[in-house]
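# Report on the structure
These are the residues of each chain, in order.
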Amino acid sequence: MRERERKSKGEKSYPEREDDYVSISQQIKSCLTFLFIICCLSPTTLSQSFSELLLLLLLPYVISLHIVNMSTIISCNTYSCLAASKWNNPTQGSSFVRTHRSCSWWNPKFLPKCSSHKHVHCQLQNGQQEKRSFSLKECAISVALAAGLIAGMPSLDWSPMAYAANPALSDLSVLISGPPIKDPGALLRYALPIDNKAIREVQKPLEDITESLKLAGVKALDSAERNLKQASRSLKQGKSSIISGLAESKKDHGVELLGKLEVGMEELQQIVEDRNRDAVAPKQKELLQYVGGVEEDMVDGFPFEVPEEYRSMPLLKGRAAVDMKVKVKDNPNLEECVFHIVLDGYNAPVTAGNFVDLVQRRFYDGMEIQRADGFVVQTGDPEGPAEGFIDPSTEKTRTIPLEVMVDGEKAPFYGETLEELGLYKAQTKLPFNAFGTMAMARDEFEDNSASSQIFWLLKESELTPSNSNILDGRYAVFGYVTENEDFLADLKVGDVIESIQVVSGLENLVNPSYKIAG
C-alpha cells in the first residue's frame, strides 16, 4: 500500500474592520482582472475548454467590479460571494487505494466550498468620495476592459463556426444537469443498453412517486396519483412500441411482465383512492421491478466484444445478483444482516466476472470487514502478505484492468482513468451516486492493480451533480446494494462476512476459473 499523509490546513481568519474589507476587495478585484486578462491574451497557457469555462465564470465578476469604478454619483453597499474554491476534507488521507490491513486507509478530498466574502462600502457626496478617491488610472483600465469585452476576444477563436462546433454553454451542461439520481434501482435501469422511449416514459413518473411522497399531508397522495395517471397513460399509448422493442427470445416473458404491470397499476390506483399512504411505496417498488424486468427483456445478447487481451478472464455477460450475509458483533440492535447486491456485467463484464468467480470460490466467506469509517466499508484483503487473490494455477496475484463505461460509448474504456484520457466531462454509466455503490479498490498509482479488494461507498455526493463525483472514472463500479443498504452504515471493522452466494444470473458467467480449479 502507498499511504500519503497530508498536513491539515487551519481555518482562514477573516478581517473584522470595514477598512480591511475594502483593502481585500481591491486585492480581489486586481487578482480577478489579472486572471481575466491572462485568459483573454494567453489562452495557450491553459487548455481551450478550461479557458472558456474560466472566462464565463470571471466575466460577470470583472464587469460588476469595474462598473463600481466607473460610477461617480451612486452610493452603494455591495456584498458578494466569490468562487474561491476550497477543498473540504471530511477525513484524513489522499486517495482511494488498495491497502494492507495494518495500514491506515485513504480518503479523498471531496467537496468544494465557497468561503470568501467581500464587503465594499462607497459613498459619494457632491461629487467627492469620502472613503476612497476615484482613480483615473482605474477608470482608464475599466474603459479599456469594457471596450475589449464589447469588441470581443478573437484570440479564443470564438467565431460563429467555432462556436457551433464547440459551444461554451454545452460545456457547462454537465455542471448544471440537475440533482443526481441516488436510487440504485433507477441507476441500474438507466444503465441498461436499450433505447426505447416508450418504456422510459412509463418508468419516469413511477420513479417520481418517491418525491411525491415527501410532500406533507394530502398533497403527497394527490401528487402520487398524478404520477400514476401519467404512467398509465404512457403505458396505454406506448404498449405496442414497448412490445416491439422486446428481444424475440424474451418476448413472451416481457409481455407477461407488462400484464402484471397493468394489473399492479390498477391496484396502486385503488390504494391511492383509499388514501392508504403507507401502502404506496411498497407497491411502487413492485411496479418498478416489473418495469426493470421488461427493460432487461429488451436486451438482445451481449452488446459488445470484450478486448482480446481480457477475453480469457472470467466475464459476466449480463447481470447477476448475490446475497451477502454479515454477522454483526457488539450491536444489540443488529445481529446479522443480508445485503442484496445486483452486479452489472453489461457495463463492467471483467470486473463483475472477477467478483462472481471469487464468490464461487468462497473467497470472501469468513472474511472480516477491514475498513468502516463512515465514508466506505471495505474488505477483500486476504490473510498473509498478498494483497489480493492468488490464482492457484499461476501462483501469482490475479489482477484486472480498470474498467469504466461512459454514456454514448459502445464499450468500456480499459486501463486508464477518464482523467488520463482527457474525458473530463464524460458521464459514467455506473456513477458513485447511490448509498452502497460497489467498486474495486486498487493501488493509488496503478490503474490495473485491482484484484479482490472491494468497497461500498456510504457518503453521498450532495454538493456535486450526477456523474461529477470525484471518484467517477477513477474506480470501477460494478454493482449496487439494492436491499438493506442502509445497514451498511452499522458495520464495523471485525464484523464477519459469513457467506456470499449467487442467487441469480450465474449462467451469465463465462470462463469461470473456479470450475477449472475443481
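In this text the structure is predicted, and so the values were computed from the model without any measurement.

## Topic: the sheet that holds strand β8 (residues 319–327)
Reading across from one edge, β10-β11-β17-β16-β18-β9-β8-β19 is the order of the eight strands in this open sheet, with antiparallel pairing throughout. In the strand order of this sheet, the two ends are held by β10 (371–372) and β19 (496–504), each with one partner. One ladder, built from two bridges, connects β10 with strand β11 (residues 376–379); its direction is antiparallel. In the strand pairing of β11, Ala-372 is matched with Val-377. Packed on one face of the sheet, helix α11 (residues 349–360) meets β8, β9 (336–344), β16 (437–440), β17 (454–457), β18 (477–483) and β19 and runs near 115° to β19.

## As for α11
Taking 1.5 Å of rise per residue, twelve residues should cover 16 Å, and α11 covers 16 Å from first to last C-alpha, within 8% of that figure. Extensive coverage of α11 is indicated by the burial of eleven of its twelve residues. Every buried residue belonging to α11 is among Pro-349, Val-350, Thr-351, Ala-352, Gly-353, Asn-354, Phe-355, Val-356, Asp-357, Leu-358 and Val-359, and all of these are buried. The positive-phi residue at the C-terminal boundary of α11 is Arg-362, with phi of around 60°.

## Comments concerning the packing of helix α9 (residues 251–273) against helix α10 (residues 280–296)
Orientation of α9 relative to α10, taken along the N-to-C sense of each, is 160°, at an axis distance of 9 Å. With respect to their mutual orientation, α9 and α10 come out roughly antiparallel. In this structure, the crossing between α9 and α10 has a hand that is left-handed. Every residue of α10 that contacts α9 at Gly-254, Leu-257, Leu-258, Lys-260, Leu-261, Gly-264, Met-265, Glu-267, Leu-268, Ile-271 and Val-272 is listed here: Val-280, Lys-283, Leu-287, Tyr-290, Val-291, Gly-293 and Val-294.

## Digging into helix α8 (residues 218–244)
Compared with an ideal rise of 1.5 Å per residue, which puts 27 residues at 39 Å, α8 spans 39 Å between its outermost C-alpha atoms and is within 8% of the ideal. Of the positions making up α8, those classed as buried are Ala-220, Leu-221, Ser-223, Ala-224, Glu-225, Asn-227, Leu-228, Ala-231, Ser-234, Leu-235, Gly-238 and Ile-242.

## Comments concerning the side chain of Gln-269
Here Gln-269 lies in helix α9. Of note is the side chain of Gln-269, whose polar atom sits 3.0 Å from the side chain of Glu-225.

## Side note on the environment of Met-313
The topology assignment puts Met-313 in the loop between α10 and β7 (315–316). The spacing of Met-313 and Val-510 is 197 residues in sequence and 8.3 Å in space, taken between C-alpha atoms. Setting aside residues no more than four positions away along its own chain, Met-313 makes contact with Val-350, Thr-399, Ile-400, Pro-401, Val-510 and Asn-511.

Thresholds applied
Residues numbered from 1 in each chain as written. Predicted model: local features only at pLDDT ≥ 70, side-chain atom pairs only at ≥ 80, totals over all residues. Heavy atoms only, no water. Pairing = 2+ DSSP bridges. Helix = DSSP H or I, 4+ residues; strand = E, 2+ residues; numbered from the N terminus. Contact = heavy atoms within 4.5 Å. Axes fitted to C-alpha atoms, helices over the stretch in contact; angles between N-to-C directions. Expected span 1.5 Å × (residues − 1). Buried < 20%, exposed > 50% of the residue type's maximum accessible area, 1.4 Å probe, protein only. Parallel < 35°, antiparallel > 145°, perpendicular 65-115°, else oblique. Left-handed = near helix turned anticlockwise from the far one by under 90°. Polar contact = N/O pair within 3.5 Å; in protein donor to acceptor, adjacent residues only side chain to side chain.

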